[in-house]
Structures are given as C-alpha cells and as structure tokens.
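# Structure at a glance
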Amino acid sequence: MDRSWMSKPRRQSAYKDGVDQFLSFAFRDLPHDSKIFCPCKNCQNRVTQNRDEVETHLKCDGILQGYTTWIHHGEKYDSSPSFAFAHVPNDTTSLPTSGVPRTAVVQDGHGRLDDMQGLLQAAFVVTPDGYESLPSVSEAELDDFQHEFPDVENNLTEDEPPAYEDGASKEQDIYASILKDAQTRLYNGCEQFSKLSFIVNLYHLKFLHGWTQESFTSLLGVLSAALPPEANLPKNYYEAKKIIRGLGLDYKKIHACPKDCMLFQGDRANQESCHVCGSSRWEEEEKNGPAAQSKRKKKPAKVLRYFPLIPRIQRLFATDKTSDDMRWHDEGRTKDGKLRHPADGEAWKDFDRRYPDFAVDARNVRLGLASDGFNPFRNLSSKHSTWPVMLIPYNLPPWICMKQTSLILSMIIPGPDSPGNDIDVYLQPLIDELLQLWGGVETFDASSQKKFSLRAMLLWTLNDFPALAYLYGWSTGGKYACPSCGIYTKSYSLKKSKKCCFMGHRRWLPQGHAFRRQKRQFDGEEETEIAPQTMSGTSVLTMLQGRVFVLGKKVNVQKKVSTESKGENNTKQKGNDQGHKRKRTRKKKSDGNHGKTKKQPEDWLKKKSIFFMLPYWEHHKLRHNLDVMHIEKNVCDNLVATLLDIEYKTKDGLNARLDLVEIGIRQNLHPVVDDDGKRTLPDAPFTMSREKKEMLFSIIHNIRTPDGYASNLSRCFKMGECKFSGLKSHDNHVLLQDLFPAALRSCYPSKDVMKIVVELANFFKKLCSKVLDVADLDKLQEDIVMTLCNMEKIFLPSFFTVMVHLMVHLVEEVKLGGPVHYRWMYPLERFFVRLKALVKNKAHPEGSIAEGYRIDECMTFCSRFLQGTTRFTRPARNPDPPEKFKDIYLFESAGEPIGKATTVGQLDNQLLVQAHRYILRHCDELEDFRKEFVNEERSKLHPSTILTHSAIEKLMNDQFADWLEQKVLLNDGPSITEKFRALAAKPSKCGVRYSGYIINGFRFHTMSREAARKTQNSGVVNIADDGVNYYGRLSDIIELSYRDYKVVLFRCDWYDVHHRAGIRQDEFGFTLVNFNRKIHTGERLEHDPFVFSSQVQQVFYVEDPKAKGWNVVVRVTPRDLFDMGGEQSSDEAD
C-alpha cells in the first residue's frame, strides 16, 4: 500500500485521499462506532478516538511521521526494519540507509559505524520471513521499582500503558517505539547518531566506566542544555533505563515458601500457603496491625528471580557475531588427540556416542552449571547468603568460553540463609526449560538465515565442595565424604583430633608394590584392596531405591505430645519460639533395644538430585566436577601452615601426636614425658627451625614477580612473627606452583619434604596446563599416587583431610572433562564479585542484583554492534599490535611499546655494527647470500686450505655486511626484493629507544625501568636452535629503521650457560644462573648482545641467600594465549 501521501502537505488532495484510505483500512473489521488509537502528531497512538475525531486530527494536525507500518491498526511486519530516517522539519539531509555497505557509510571521516539495524534484528529476531518474536517485557521487570530503589526520584513513574488485548500487541508497540527512535535523527543536521544509537552509546559508556546514577543524570542535563531542543534526551537515569531495557531480556519473579519447601508456580501459583509446611507465602506485618496490612500490597516472604534460559540461548544465534562461535567446538577445534577443550574429553565423546542425534548438529548447546553462595553486603554482615546459579555455554572457543561476557545468570536464590539441599526446589524452573530444550525449540540461525530445532543439554556442574554436596545430594562430611569413592571411601576416625583422616592411597598402587606390605610407615596395616571405581549415576539411583525425601526446612518440635493437647502445645510452642528460648530437656539413657541406629553408607545420600529428572543425567561419566581451585588452596594451606607451625592452622600438635599413639605407628614421633610430667613433641621430618623460617619469609618477602603474575605477597607474610594471613585463592595457586618451592629449596627441613613440595608443584602445574597430552596423564596419575603415599610416610594422619585425598581423582576428571580451566571456580568467583558491586539498595540485595544484571546483560549484547571501545574491543592487558604494523616490522618484531619513546639522533657505531650483524646472520631469507659469500671466500684460498667454523664466523662478522651491500647494488634482477635492498643498505644511524615492550603476550621492562618497581619484568630466555637456553636480563630496547622497514631488538645482559660456574641444576630440578658470570656484554665489537624482540620468552629470578650471585630461574607462560595446534589465539578482552 502506498504511503507517500504521509509526507505531502495536508492541503493536497493526495494527502486527504490517503487519510480516507487509512481510515478504511483501520476500521475495515470494526463497527463504525468503535475507537482506535489516533496516529496524529499530538496523540501519537496513545489516545483512542472515534472515526470522526481521528479524521479531524489527521487533517488538521497531520499524521505521525515514521509510522509507515500501521501495527496499531492491524498491519503486521513483513520485512526487516528499514533505516531511512524519519522526516524532520527544515532538514532535507538523511543518513545512509541500511542498503549501503558499512565501509561507505562514513564518507568524511566523522561518522560512526554503529550497526543499529543489526542490533534490532538480533534483539527482536527479525527474520527474512518477517517479524518473528520479541522478548517478553512483563510487569515483573518493574515490580515496585520505586519501592526497591528508593534513590530514584519519587515523581518518576512510567506512562500509563494502553490496554492491550494480548501480549503480542504490547511487544509490537515496544518494537515500534524503539524502531522509531532508531529512524529519528538526534537533531537536525546530525549525521552520526540517531536518537537510539546516541542513548545506547551513552549508556554503554556508563556501563563500561562504572558511572554512578547521579553522575549519569547530571551528564544528561548538561547534554540536554548543550544540544538543540529537538534532541529530546531522557531527563534522568531512570528514563534512559526504560528505553534501554526494551532491548534486553526479562526475568521472572517466582514466590517461594519461606522454608524452601516449594515454589508458587504452575498449578500452585495461586496458593496462599505452602502445601508442605503450611507457611504463608506473605510476610507477616504484626507491627502495623491487620488494618494497615490490608491497605498495602502484600509482600512475598521469599522471591526467586529467574532468568529464562531459552530466549538467552536463542539470542546467541540471532546474530552472526556469535552464531558462528557456537559451532567452534566442532568446526574450529583442532582434533589431534590432545586435550584443549571439553569436547576433547571422554565425557563429551561418550555422550556423542550415546546420543548421535544430538551430536549430529554442532549448534546444539552443551551447558555447565555453577553455583555458590556469597555475602552481598561484603564485610558488613556475615549472616546473609545469596546464591546465584550460572550457566556456561561450552560450545564457544577457549578464549571466549569462560569470559564474563559469555556466562549466563540463570537465577538468584534469595537469602538470608543458604538453600542447602533444598536448592532443588529453586532449580525446578531451569530443569523444566532443559527438558523442553532436550526435545527441541524452533530457533532462527543468523549465520545460515534459516530456522532449526535448537537442543541443549546439561553437561556437568562445577562448585566448591560444600555446594557440590547440595547439588549432588551426597554429604561431603564424615566417614564417606569423598563423592568419587562414595561408599568405598577409606577413612579413619582420629579420637584425639576429633576428625576423620583420609589415607589409604596405597590402593591405587600396583598389586605387587612394596608399599602395600609396609605397616608401620603407613596406617599399621597391609593394603590388599584395589582402587575403587567412581560412583556412576546408575549406582546412585540403585542406592536411592525405596527412599523418600521431603525438601524444606522443618521446625523442631517436641516428639512426645499427647493427642488431647496437641493443638495447645503447638500454640504455646509458637509463642515460645517468638519470645523465649525453649528449655533443654534432659535426655534419658537409652537401653540396648532403643539405641541410636548406626548410620549406613547409603545414608550419606541426603536426597535424589533433581538433575536425575534429565533423561541423560544417569549416564554421564562426569556429573559433578571437583574444583581444582579450592583443592589447590586447601593443600597449600595445609602444607605451608604445617611446615611453618602456624597456630590453629597447623596439622601437627599434641592431639595429632596422641593419635599416633592410639594407632600404634611411628614411635619416634610420640610425645615424650619428662620427670616433671611435661610433654614434649619430638621434631618431625617437616619441623623447621626458627632460623629456617626467617630465611623462608625473607626470600618470599623479597621476591619480585612479573606484572600481573601475582599479588604483592610481602603484605601477607609477617616477618617478625613468621606468620601469614590474607592469602587469596590465586595467591595459593602461584605460591604452591612456583614461589614456595623456589624459596624453600634454600631452607627445607628435610630432603624428603622438599621432594614432596616439588612433586606437588609439578603435579598442579601440569594439571593446570591449557593443553594436555592424554599419554602423559597416566604417568601424572602414577606420580601423584606415589606422592600421596610418600606424604603418608612423613606427615601425620591429621594432615590428610578430604581435600588432600581428592588430588587422587583429579587426573581421571581431566581425562573425562578436559583442561581444568574450563571446570574451576576462578571465573565464577570473579563474576560473583561483579554481582556484589550491583547491590545499590541493601534492603533488597537480590532485587538490586537482578535489575543491575539485566541492564549489564543488555549492554553487553548491544556493545557487539557499537563502534569504538567496548567490552569486546578494548585492549587486553598485554595487547597485540595492530595488523597494519606487522608488515612494516621485520622478523615478527612488532609489539606494543610502553612508556615514552626516546628518539636517538646518533646511535653508537659499535652498537649499530653489532645490531646489523645480528640481523644479517639471522635472516633466513639471506641464507643463499651467506652461502655464496662463503663459497667466494673459499675460492680465494689455496685448495688445500680448510676454512674452520671459527674462521667462517670471523669472515661473516667482518666482511659479510659490506659484501652484501655491494652485491645488491650491482644486481638489479627480479630476485632482489625491496626487503633485500633495505637490509643491504644498512640501518639508519637514528633510532628509537623504549623502556618497555609488549610482545607475544609478555610485558617486558628494562632493568632501569623496573628499578623502583615491586615487579620484575626484565628476565628473558632465548631458546637457540640447538636447544640451549640463554638466560639474561633486558637492559635496552632499540628500534632500527631500514628505509621503509623497522626492526625491534632487545639488548640483554647474558649469563654464562656453557660452564658450571655460570649455570647449574640442583638435585630438585631447579635451574640456577650466576649473575656474576656475564657473556656478550657488548663492550667488545665481536660480542653479540642483541636478539629480536620476538625470540625471547619471559622468566623471573629468585635470589638464593646461601650462594651470592646465584638466582633460581622460574618460567612464565602468558595467560592470554591459547595453543590451538598450529596457531595461537589471543584472549578476548573482557
């Protein structure tokens, strides 16, 4: 239908005919006396009028410009949104339409490339077949917004929405409103922003830089005063938020029983009380009285905020920016047998074999679930516990998968108490959606421009140890605390220490191993058992047969209550609970017939996990992951606290020694009673003297690590007291793997203990690798079993908590699940910190988090379509250089300079000769010229004369540069490229000097730059072609110019690696270099102090206090690079 009449003057007959045409269309199926929304410029489809009034308004005031699709009057969308901008009076210019290529949009260099069309198509799922669907925006998103956020102005309320007959009309109205903003210029003459793009960009800056609501409102006021009036910007933060939230996805509020028995949803949505415990779903307000309570809106006792999963997964396929990444696990992954991704693990492969119909489509989603509790008030209260549940889409590539931008918040379980085993009640909405996704949900794929049946499955869970018990249902305390060994867990009850110890690691040794026959060195018994198999889902279900569980927190009542006074006692009990403590009743001694029933192994199953409702969950080979982060932290705490004998943390003490007496092992460590009756504890192999403790603390206190490698550990180790405190999980990570072994080697209590520390460090270092070879994992498992057995011979039984025992299962889980950095809690814990920061209203922490996350999720999605710096495009900590520089810089030496560049007008001649000589000798493309030069020199000599290697080296150093220059000048053939000519012409005498340089994921500083810093970034190692590692420290960074090309060279202080006086390896495998033995210092012309910036890797050095000048070498690997087999992928900025 022709719409051209809408832009014509109202006096023309064409406009009047168009109005009649519109009225005929709008009232075609309605009675004559009906009312419709008036689309005039004043009413703007907000006020309903009859036919005569609408006709008068349209002919007098004119029709709303931009309202070309009459969605409020029965017309449906039939194509993608057109981005021709709406007519603005006195403005004849227009921005390029969506049909113009992105590269042609900006002609004068001042425009932007924000893809608003792609944003709306992805947000509202506009397919080639027309308008598909829209995220539901229900009233739950507001839900007493003013009540939950009192810092918002009280007079700010939403406009009264029109009465819609169905949700589709409401969704179309939101789409039309946002589409209008996208098609309207910000103001007359603005060619860079539409109203929508300006607000999105402005709100994105607030989101990216953490502006407060007050500062954002103030900025809007300044911009409104500076821009023309027709810009019509939002007046404050709340109005801007209302516009932005239309692009986001909604969340649901589901009332819950205050005792975690049930959710008020589905058939029970209208119940007033819990059908399990009878508790009311509403808070009781006794202070105000029933009259005041009846006037106010009822307030639910507990509210679960649930973020629907299906629309969030569908949005991943709504744009080709993420749709392609969702197939990476199948199409982009290198399949060479090594473990780089969960798809390389046996659990993923076993699922594919069991369900081939699911595996056939790479777009089907594999999800991981994680949850943990945190205190939203930080340090203000220790009682409140909020539990977010996160989902991880494992289809994505490694450099995106575990980023905060990829994590999906599924729900926020309210506090103040932890849900415990009742977490299954809150997981029910998620399980319902997972069951729906298992059957398939029709979804539009933007990369193929077709619809497909989207399926999804839950791969596993990852949690810390207490949360694992809640999700699994297996109690992680007591005799059978190991969820992997299950009923076959081998533990001992230590009567004096009053705890369980978990030894028995000899079961994993071969049957004929000598350790199995040794008694006194271990637990006093021979070991005949074999290693247990991990409990399968089928075995768990077998144990659960015939058992019934009722979820919810019950109230303890007196057991013996007479039938006559039952109601009276309940009433009294209720009153007593409110104001007074109950009197403790004296327990009667039980006779043999009424004794306490002995707890059976299957009693460690506290419930049937809700995950067994998923048809595939029983057959998963890996259902619940052990968290390596917390295991490593606990092992490190046990080890360091025991060696340093930290009070209340050490696993040694009088009770621990008395346990040895009780078991009857290791008589040499039993307490000794002197004549006065005083007990003394003999020194154990792990006992350190005061002198050694002070030396250890001094080494750790003085360690300087590379930038971003670790926190400042010197603040955690107190020198005078020889104590440590305040270590975070990542501090334990670097301490156990690198720093503690390097420091302990100079002051270890015994060689056996030192070997164990080194073995544990090597175990976790290999286990946490980003790429693992399956063939190496069997050897790694043998090593950790031997390490645990040796630990049983040295440390006391109280040392072996369940977290120490869990190390024996980690290798098996790596085989099943792939590298551990996909299955540990580090990224989740960092995300929880971000959620804590969203708490603005401490009276409603969960509501604050939900509203804040909803906007953050929306802006993360919108930022994919924005130009400039976003969460996806902002530079990483150690960024790669721009692509345009890589062709200019030779030998892959392009990087990112740090600090101010210093131009050197005249470089030292000797420095230039050494640098140029190194470049010519290490340029692979000049190999033919070098051979030709040597052959010419040989031809000048007598045939019987043999050129030795040293003679050739001297000729190359002295004459090759001049020979090459003459050779290239006299040769004009096509074989001489511009690069050859530039190298032969020798470098310019002017250069540039830097004090820092970022390359290959490493951040390097010169020694002079780091002199006043607490970090150490000057350590380098150059691995030569013959395998020799040359260690040194960076002294200078020089950029040389060869005509149109550049080369960045590192000048280093190199240390002697050819003689034992300069380098050695100790008995524990540490490499030490002597800083007093330098080579190639550059003082003489024949020295070779330079290397290309791309040739070195980073190390740092730990000083050995026992040998002056000697330093331990510690290797560093870049954390933001992934080895994908043939190419390395850089980590996405987040």
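Nothing here was measured: the structure is a model prediction, and the numbers come from that model. (Residues numbered from 1 in each chain as written. Predicted model: local features only at pLDDT ≥ 70, side-chain atom pairs only at ≥ 80, totals over all residues. Heavy atoms only, no water.)

## Some remarks on the overall build of the protein
When helices and strands are tallied, the protein shows 34 helices and 37 strands. Across the 1134 residues of the protein, 52% fall into the buried class. In the protein, of all internal contacts separated by at least 6 residues, the share reaching a separation of at least 24 is 69%. Element-wise, carbon and sulfur atoms account for 48% of the exposed surface of the protein, whose accessible area totals about 54,200 Å². (Helix = DSSP H or I, 4+ residues; strand = E, 2+ residues; numbered from the N terminus. Buried < 20%, exposed > 50% of the residue type's maximum accessible area, 1.4 Å probe, protein only. Contact = heavy atoms within 4.5 Å. Areas by Shrake-Rupley, 256 points an atom, 1.4 Å probe, with all protein chains shown as cover.)

## Digging into the pattern of salt bridges
Proximity of charged atoms lets side chains of opposite charge pair with each other. Taken as a whole, this structure holds 54 salt bridges when the rule is applied. Note that R704 and E1010 form a salt bridge whose closest N and O atoms lie 3.9 Å from each other. A residue pair is termed long-range when its members are at least 10 positions apart, and R704 in the loop between α22 (690–702) and β19 (717–718) and E1010 in the loop between β26 (1002–1005) and β27 (1019–1023) qualify at 306 residues. You can call R704 partly exposed: its relative accessible area is 27%. In this structure, the salt-bridge partner of R834 is D856, at a minimum N-O distance of 3.9 Å. A residue pair is termed long-range when its members are at least 10 positions apart, and R834 in helix α28 (residues 826–837) and D856 in helix α29 (residues 845–862) qualify at 22 residues. (Salt bridge = Lys/Arg side-chain N within 4 Å of Asp/Glu carboxyl O.)

## Digging into unusual backbone geometry
Along the chain, G415 connects to P416 via a cis peptide bond; the corresponding omega equals 5 degrees. With respect to the helices and strands, P416 occurs in the loop between β10 (408–413) and α16 (423–439). Positive phi is not limited to glycine here, since D260 has a value of about 65 degrees. Locating D260 in the fold gives a position in the loop between β5 (252–256) and α9 (289–295).

## As for the sheet that holds strand β22 (residues 896–898)
Backbone hydrogen bonds hold the strands of a sheet together, and the pairing may be parallel or antiparallel. Taken in spatial order, the three strands of this open sheet run β22-β25-β26, and their pairing is antiparallel. With partners counted over all chains shown, the strands left at the sheet margins are β22 and β26, one partner each. Averaged over all neighbouring strand pairs, the angle between strand axes comes to 20 degrees, with direction disregarded. Strand direction decides the pairing type here: β22 and strand β25 (residues 996–999), joined by three bridges, are antiparallel. Each bridged residue has a counterpart across the sheet, and for I898 the counterpart in β25 is G996. (Pairing = 2+ DSSP bridges. Axes fitted to C-alpha atoms, helices over the stretch in contact; angles between N-to-C directions.)

## A few points about the environment of D707
Tracing the sequence through the fold places D707 in the loop between α22 and β19. Take D707: its relative accessible area is 27%, and that puts it in the partly exposed class. Expressed as a C-alpha distance, the spacing of D707 and H1005, which sit 298 residues apart in the sequence, is 9.6 Å. If near-sequence neighbours (up to four positions away) are discounted, D707 is found in contact with R877, R1003, T1015 and N1017. Of note is the side chain of D707, whose polar atom sits 3.1 Å from the side chain of R877. (Polar contact = N/O pair within 3.5 Å; in protein donor to acceptor, adjacent residues only side chain to side chain.)

## A few points about the packing of α22 against helix α23 (residues 729–744)
Where α22 contacts α23, the axes come no closer than 9 Å and their chain directions differ by 125 degrees. Compared by their axis directions, α22 and α23 come out oblique. The chirality of how α22 crosses α23 is right-handed. Between α22, through L696, I699 and I700, and α23, the contact on the second element is made entirely by L735, F740, A743 and L744. Grouping the constituent residues of the contact of α22 with α23 by class yields seven nonpolar, no polar and no charged. (Parallel < 35°, antiparallel > 145°, perpendicular 65-115°, else oblique. Left-handed = near helix turned anticlockwise from the far one by under 90°. Nonpolar A, V, L, I, M, F, W, Y, C, P; charged D, E, K, R; others polar.)

## Focus: the pairing of β26
Going residue by residue along β26, you find F1002 and F1004 tucked away on one face and R1003 and H1005 tucked away on the opposite face as well. Note that β25 and β26 share four bridges and pair antiparallel. Within the sheet, the bridge partner assigned to I999 lies in β26 and is F1002. What sits between β25 and β26 in their antiparallel hairpin is a turn of two residues, with N1000 showing a positive phi close to 55 degrees.

## Observations concerning the confidence of the model for the protein
Reading fine detail from the predicted coordinates is not recommended where pLDDT is low. On average, residues of the protein score 85 in pLDDT, and 86% of them reach the 70 mark or higher. Predicted confidence for residues 77–110 stays below pLDDT 50, and this span has 62 contacts to residues more than four positions away or in other chains. Low confidence marks residues 555–594, where pLDDT is under 50. Its contacts with residues over four positions away, or in another chain, come to ten contacts. (pLDDT = per-residue confidence, 0-100.)

## Overview of helix α1 (residues 13–26)
Between its first and last C-alpha atoms α1 spans 20 Å; for 14 residues at 1.5 Å apiece the expected length is 20 Å, and the two agree. Buried within α1 we find Y15, G18, V19, F22, L23, F25 and A26. For α1, the angular spread of buried residues about the axis comes to 160 degrees, placing them on one side. Those residues of α1 that are buried lie in contact with β1 (36–37) and α2 (51–61). (Expected span 1.5 Å × (residues − 1). Arc of directions from axis to C-beta.)

## A few points about the sheet that holds strand β13 (residues 456–462)
Taken in spatial order, the seven strands make up an open sheet running β5-β6-β10-β9-β8-β13-β16, and their pairing is mixed. Among the strands making up the open sheet, the edge pair consists of β5 and β16 (624–625). Of the pairings in the sheet, the one linking strand β9 (residues 387–393) to β10 comprises five bridges and is antiparallel in character. Across the sheet, residue P388 finds its bridge partner in β10, namely I412.

## Here we look at the environment of P897
Looking at where P897 falls in the secondary structure, it is placed in strand β22. Assessed through its relative accessible area of 35%, P897 is described here as partly exposed. Excluding residues that lie within four positions of it along the chain, P897 makes contacts with Y994, G996 and Y997.

## Focus on helix α17 (residues 465–472)
In terms of burial, α17 is largely enclosed, as six of its eight residues are buried. Residues of α17 that are buried: F465, A467, L468, A469, L471 and Y472. Where α17 starts, the residue carrying a side-chain oxygen 3.1 Å from the main-chain nitrogen of A467 turns out to be D464. Downstream of α17 by a residue or two, G473 has a phi angle that is positive, lying close to 95 degrees.

## Here we look at the state of the cysteines
Under the defined criterion, the tally for this structure stands at zero disulfides. Among the cysteines around C274, which has no disulfide bond, C257 carries the closest sulfur, lying 3.7 Å off. A relative accessible area of 4% places C274 in the buried class. (Disulfide = S-S within 2.5 Å.)

## So, the packing of aromatic side chains
One pass over the full model with this rule turns up 48 aromatic pairs. Taking the centre distance of 5.3 Å and the plane angle of 65 degrees together, the rings of F317 and F452 count as edge-to-face. With F317 in the loop between α10 (309–316) and α11 (320–323) and F452 in strand β12 (residues 450–454), this pair connects stretches of sequence that are 135 residues apart. Each member of the pair, F317 as well as F452, is classed as buried. Ring pairs connect the aromatic residues W5, Y15, F22, F25 and W70, which therefore count as one cluster. Over the face of the ring belonging to F861 we find R315, whose NZ or CZ atom lies 4.0 Å from the ring centre. Against the face of F1122 rests K770, its NZ or CZ located 4.3 Å from the ring centre. (Phe/Tyr/Trp six-rings, centres within 6.5 Å; stacked < 30°, edge-to-face > 60°. Lys NZ or Arg CZ within 6 Å of the ring centre and 35° of its normal.)

## Considering a nonpolar patch on the surface
A cluster of nonpolar residues, V276, V548 and V550, forms a patch on the protein surface that exposes about 290 Å² of accessible area. Here V548 shows up in the loop between α18 (537–544) and α19 (566–579). Looking at V548, the relative accessible area reads 74%, which means it is exposed. (Patch = residues over 30% accessible without salt bridge, like charges linked within 9 Å, V, L, I, M, F, W, Y side chains within 5 Å.)

## A short note on the pairing of β10
Within β10, six of the six residues are buried, leaving the element largely enclosed by the surrounding structure. Judged from the two bridges that link them, strand β6 (residues 302–306) and β10 form a sheet pairing that is antiparallel. When the bridges of β10 are listed, R305 appears paired with I412.

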